[in-house]
Every structure is written in structure tokens, then in C-alpha cells.
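Below are the chains, spelled out letter by letter.
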Amino acid sequence: MRKKILCMVCKWCEVTTSVLRVKTRIIERDDDLSFLYPILLPSKHYLTECLIREYHLKYCHAGVQILAAKLRLQYWIFSSKRNIRSCVSRCVVCKRFTAKSVDYSTYTAAPLDRVRERGTLR
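We now turn to the structure provided with this report. (Residues numbered from 1 in each chain as written. Predicted model: local features only at pLDDT ≥ 70, side-chain atom pairs only at ≥ 80, totals over all residues. Heavy atoms only, no water.)

## Things to note about the side chain of T48
Here is the rule we go by: Secondary structure elements are defined from DSSP: runs of H or I of at least 4 residues count as helices, runs of E of at least 2 residues count as strands, and each element is numbered from the N terminus. Exposure categories follow from relative accessible area, calculated using a 1.4 Å probe and restricted to protein chains: below 20% of the type maximum is buried, above 50% is exposed, and the middle band is partly exposed. Whether two residues are in contact is decided by their heavy atoms: any pair within 4.5 Å suffices.
In this structure, T48 sits in helix 3 (residues 46-58). For T48, a relative accessible area of 1% corresponds to the buried category. Every residue in contact with T48, bar those within four places of it in the chain, is listed here: L41, P42, S43 and I77.

Below, the structure is given as C-alpha cells:
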């Protein structure tokens, strides 16, 4: 499956300075070369995860949609949304602020034998 996808993408690829770049459909536009020819990155690679984490911190713990838009300006990552989602879900700061508070109204009262006072152990 991966070879098939890579072969389909490589029809539009060009190799320069040992970096694999992909041609986009927007070639006529007068823009940066990094936008017209984004760098192709593998989905499960340490460099890709570090890059996603760096952008996540750079843009103040941005969400999946914002990170995907910012990364697409310079990089083409295979299954990028899945990788971004996993990196954001592993962020401790984001977990802390998205945590739900405990609803104490759903708890039942403690049983009577636990509440009753007893003598001390001897």
C-alpha cells in the first residue's frame, strides 16, 4: 500500500539536494518555492514528530486544524492529520486544560457501616 502511494506521489516529485520535494498543482502562482514544492516527509518518523511538536509549541499549543494548515505551507506529511492528532493528544499541557472536572452529584453516599464510628483497635 505504501509503495503504491509513494509511486503515485513520485510522479510529481523531484529530487534536489537529497531532499524529496513534491510539485503542487499551484505552479502558476508567484509564491515561495517551499510552498510550490513542499518537502515530502514520512508519517512515522522521529523527525516528523519533532517537527509537529515544534510547531505545536511555536503556535501556543494550537489544535489539529491550525497545525495542519501551518505545516502544509512547507511540508507534505503522509497521513498528517493522524500524526498531528497523536502528537497533540500526547501534549501534557493540552491534556491539563482539556480535562473535564469531576461531577460529585453522581456519587452515592457512603454505606452506613463505613460511616459508623467504632472502637479503636486493641
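And the narrative resumes.
## What about the state of the cysteines?
Spelled out, the test is: Disulfides are defined in this document as cysteine sulfur pairs within 2.5 Å.
As enumerated under the stated definition, the model contains zero disulfides in all. Of all cysteine sulfurs, the one in C87 lies closest to C50, which takes part in no disulfide; the gap is 8.7 Å. The structure places no disulfide on C91, whose sulfur is separated from the nearest cysteine sulfur, that of C94, by 3.6 Å.

## A short note on the side chain of N83
Checked against the element boundaries, N83 lands in helix 5 (residues 80-89). Beyond its immediate stretch of four places on either side in the chain, N83 contacts S43, I52, I77 and F78.

## Some remarks on the pattern of salt bridges
This is how the line gets drawn: Any carboxyl oxygen of Asp or Glu that lies within 4 Å of a side-chain nitrogen of Lys or Arg is treated as forming a salt bridge with it.
All chains considered together, the criterion is met by one salt bridge. A salt bridge links E49 to R90; its shortest N-O distance comes to 3.9 Å. Residue E49 is located in helix 3, and its partner R90 is located in the loop between helix 5 and helix 6 (92-98); the two are separated by 41 residues in the primary sequence.

## Remarks on the layout of surface pockets
What counts is decided by this rule: Buriedness of a pocket was judged along seven lines, with at least five required to meet protein on both sides within 12 Å; pockets are open sets of points on a 1 Å grid over the protein atoms alone, cavities are sets where a 1.4 Å probe fits but cannot get out, and lining residues have an atom within 4 Å of a point. Grid points are joined across faces, edges and corners, and a volume is the space filled by probe spheres set on the points. The classification used treats Ala, Val, Leu, Ile, Met, Phe, Trp, Tyr, Cys and Pro as nonpolar, Asp, Glu, Lys and Arg as charged, and all other residues, Gly among them, as polar.
Within this model, the second largest pocket holds a volume of roughly 200 Å³. In this structure, the second largest pocket is lined by T24, I26, F35, P38, A68, L71, R72, Y75, W76, I77, S80 and I84. Listing elements by their share of the lining of the second largest pocket, those giving two or more residues are helix 4 (64-72), strand 4 (75-77) and helix 5. Its residues assigned to classes, the lining of the second largest pocket shows nine nonpolar, two polar and one charged.

## Focus on the environment of K70
One can find K70 in helix 4. In this structure K70 comes out as partly exposed when scored by relative accessible area, which is 32%. The spatial distance from the C-alpha of K70 to the C-alpha of Y59 is 9.2 Å, given a sequence separation of eleven residues. In this structure, K70 is in contact with Y55 and Y59, ignoring residues within four places of it in sequence.

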